[in-house]
Amino acid sequence: MVTHEPSVYDVVGIGFGPSNLSLAIALEDLGGFVGAGPVTAKFFERQSEFGWHKNMLLPSAKMQVSFLKDLVTFRNPYSRYSFVSYLHSVDRLTQFVNNCDFFPTRQEFHKYLEWVASYFTDKVSYGTEVTAITPLQGEYPGEPIDGWRVHVSSVDNPADSYYVDARNLVLATGLVPKMPENFVRDDHVWHSSEFLGKFQRCDASKLSHIAVVGAGQSAAEIARHCYDYAPNATVSVIIPSYGYSIADSTPFANQVFDPEAVDAYYYGEQQAKNDIWKYHKNTNYGVVDDEVIRSLYQRKYDDEVRGVERLQFIELSRVTGVKRSGDDTRITVYSLASDQYRELDVDAIVCATGYESMNIGAMFGDIDGYFKRDSQDRYRLERDYRLITSETVQAGVYLQGGTEHSHGLSSSLLSNMATRSGEIAQSISENRFYAVTRELMKVGRG
Ligand code: FDA
Ligand code: NAP
């Protein structure tokens, strides 16, 4: 075991996806609190390099937010880390404008994110996983918890483990793939989050039957990709609805992603929160962009004209079981319309069955008890995304994600990231002053 010298950071970020990348910029923008020097930060990222949902970087997939909802612009339109600045740096600004499209491809946006991440390599340890967090208590009895010890290990060599200390943690570990009950992932049973990697390992020309489950954006994009890139395969699309529903991105509905909507949600009564979900869930979950719906329908129609049926829709149905034996995969599909089960033999099943929210409890382990819960056992948060703790805790824990219940629909999305990161950076900076003061008082006492 290699033990590295521990250091104390003002901020340790767990995960380095878009959320914490955006925070790294916000902290840099902030400089430091007057008289207390620059805020020190370190991020740990499990992947070996920067990557944003890489297994869903399908060639034609578009972004679902405007390019202006990048990592910075809504907070600081002068930032050098904007999407426009990226376009300028790669000499593509004119062409982008000529293209008249607010929504770049996911592949282009990924290049932008990588470009920004390249400026922060000194702040990130890639290929490292945070495995546990333990509290740091003051040296005198009854003193509060004023820091966290963050236990880290190398992904390639878990024996290479060490720890760093932090005054504040920012958790941004992302969504967790959700499979149908009792489904175990393997070479033939995939979740959408691993799609491209698994698909590219197959000889696509030899695939004869692929099932794609779900009626959300992932499912529709994957169905289209399978149809286009597995030319001899029948693609069975298993959807719980009668047809895909459109993602509402019209201007009034889109206001739920505005920075101001976070206040409306956070300070709103529980009934208002419930109503926001009821009326606006269709801006994001279980819905598909108009362009993808139309392009799939066109393929189905063209098939009909040609007298083939390579794209099959099994509507009002849910997948309920899977049996695996060698290379054979048999799935069970339940029809809500006929109340009947049927079985299908497939080469692969792709479960585009969505995600769970960030798994915070798993990360906390023993320290979980310090964090206050509401009547529905959900974490309580301040408006600045800081978890509310018992009084014995002075060190901060902030969440980027996992706050749908307190801060609303944009919590797991890019839409409000620039603003949220700024709010978190500001809060950390203000609290830093008090932390530094406390440490100076301790030195004086010693
Ligand atoms: P994200 O999941 O991106 O990053 C979390 C990081 O934490 C990962 O890199 C992971 O490896 C790391 N990590 C996890 N546990 C760790 C540990 N213990 N130690 C170290 N590292 C750890 N939203 C939107 O607004 N517009 C869009 O166009 C899209 N498009 C989109 C496409 C697809 C395919 C999906 C699945 C989702 C979207 N989203 C989206 C929503 C999506 O959640 C959002 O775009 C960001 O990924 C959120 O960024 P985060 O950094 O919070 O999580
Ligand atoms: P999602 O929107 O949660 O959709 C999951 C779908 O799977 C739902 O239709 C769900 O139906 C269905 N489902 C679950 N279990 C099922 C079962 N057993 N049988 C049949 N259907 C089942 O998930 P997603 O499509 O992965 O989208 C997640 C997020 O990623 C969204 O924010 C989305 O916008 C984003 N995304 C963006 C892009 C892009 O930017 N281009 C691409 C992909 C995804 P029920 O609700 O009825 O269970």
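Residues take numbers from 1 onward in each chain, read along the sequence in its written order. Chains and ligands are labelled sequentially in the order written, the chains with letters from A and the ligands with numbers from 1. Thresholds applied to this predicted model are a pLDDT of at least 70 for local features of residues and 80 or more for the giving and counting of side-chain atom pairs; totals over whole chains, interfaces and linings are not thresholded and use all residues. Excluding hydrogens and water, the side-chain figures rest on all heavy atoms present in the structure.

A.B. asks: Can you break down the site of ligand 2 residue by residue, with the values?
C.D. replies: Q64, S218, E221, N284 and G286 are the nearest of the 23 residues found near ligand 2. Side-chain atoms alone can form a polar contact between residues adjacent in sequence; in general such a contact is a pair of N or O atoms within 3.5 Å, and within protein one must be able to donate a hydrogen while the other accepts it. In this structure, an oxygen atom belonging to ligand 2 sits 2.5 Å away from a side-chain N or O atom of Q64. Within the contact set of ligand 2, an oxygen atom lies 2.7 Å away from a backbone nitrogen or oxygen of G286. A helix here means a DSSP run of H or I that spans at least four residues, while a strand means a run of E at least two residues long, and both kinds are numbered starting from the N terminus. Broken down by secondary-structure element, the contributors of at least two residues to the shell around ligand 2 are α6 (217-229) and β14 (317-325). For the shell around ligand 2, a count of residues per class yields nine nonpolar, ten polar and four charged. Any residue with a heavy atom positioned within 4 Å of a molecule or strand is treated as near that molecule or strand. In this count, Pro and Cys sit with the nonpolar residues alongside Ala, Val, Leu, Ile, Met, Phe, Trp and Tyr, while Asp, Glu, Lys and Arg are called charged and the others, Gly among them, polar.

A.B. asks: I'd love a proper account of unusual backbone geometry, names of residues and values included.
C.D. replies: Backbone geometry at N182 places phi at a positive 70°, although glycine is not the residue there. For N182, the position within the fold is in the loop between β9 (176-177) and β10 (189-191). Here's how the labels work: a residue is buried when its accessible area is under 20% of the maximum for its type, exposed when over 50%, partly exposed in between, all with a 1.4 Å probe on protein chains only. You can call N182 exposed: its relative accessible area is 70%. For D377, which is not glycine, the phi torsion reads 65° and is therefore positive. Its place among the elements puts D377 in the loop between α11 (360-364) and β19 (396-399).

A.B. asks: How would you explain the packing of helix α1 (residues 18-30) against helix α4 (residues 106-117) if you had to name every residue and give the values?
C.D. replies: In contact at an axis separation of 11 Å, α1 and α4 are set at 45° when each is read in the N-to-C sense. When the axis of α1 is compared with that of α4, the two are oblique. Our pair here, α1 against α4, has a crossing hand that is left-handed. Only L113, V116 and A117 of α4 make contact with α1, whose side of the interface consists of P18, L21 and I25. Considered class by class, the residues forming the contact of α1 with α4 number six nonpolar, no polar and no charged. The convention used is that axes are lines fitted to C-alpha atoms, helices contributing only their stretch in contact, and that angles between N-to-C directions extend from 0 to 180 degrees. Throughout this description, any angle smaller than 35 degrees is read as roughly parallel, any larger than 145 degrees as roughly antiparallel, any in the 65 to 115 degree range as roughly perpendicular, and the remainder as oblique. Left-handed describes a crossing whose near helix is turned anticlockwise from the far helix by less than a right angle; the clockwise case is right-handed. Residue contacts are counted whenever heavy atoms from the two residues lie within 4.5 Å of one another.

A.B. asks: Describe the packing of aromatic side chains, and please don't skip the residues or the numbers.
C.D. replies: Pairing of aromatic side chains here covers Phe, Tyr and the six-membered ring of Trp, requires ring centres within 6.5 Å, and sorts the geometry by plane angle: under 30 degrees stacked, over 60 edge-to-face, intermediate tilted. This structure, assessed with the given rule, holds 27 aromatic pairs. On the basis of an interplanar angle of 55° and a centroid distance of 6.0 Å, the ring pair of W190 and F195 is categorised as tilted. Look at W190 and you get buried, because its relative accessible area is 2%. The exposure class of F195 is buried, given its relative accessible area of 0%. Just above the ring of Y119 sits the side chain of R80; from NZ or CZ to the centre is 4.6 Å. Over a ring means this: the NZ of a Lys or the CZ of an Arg is within 6 Å of the ring centre and within 35 degrees of the ring normal. A cation over an aromatic ring shows up here: R106 above the ring of W52, its NZ or CZ 4.1 Å from the ring centre.

A.B. asks: Residue-level account of the state of the cysteines, with values.
C.D. replies: Whenever a pair of cysteine sulfur atoms sits within 2.5 Å, that pair is classed as a disulfide. On inspection of all chains with the given rule, the structure shows zero disulfides. Residue C202 stays outside any disulfide, its sulfur separated by 9.3 Å from that of C226, the closest cysteine.

A.B. asks: So what's going on with the site of ligand 1? Residues and values would help.
C.D. replies: Taken together, 30 residues lie around ligand 1, and S19, E45, W52, S412 and L414 are the ones closest in. E45 places a side-chain nitrogen or oxygen 2.7 Å from an oxygen atom of ligand 1. Taking W52, its side chain carries an N or O atom lying 2.9 Å from an oxygen atom of ligand 1. Method for areas: the Shrake-Rupley scheme with a 1.4 Å probe, in which residue coverage is limited to the protein chains shown. For ligand 1, the protein covers 90% of the area, taking 990 Å² as the surface of the free molecule. When residues of the shell around ligand 1 are traced back to their parent elements, those giving at least two are α1, β4 (41-45) and β6 (128-137). In terms of residues, the shell around ligand 1 owes the most to one element, β6, which gives three residues. Class assignment for the residues of the shell around ligand 1 results in 15 nonpolar, eleven polar and four charged.

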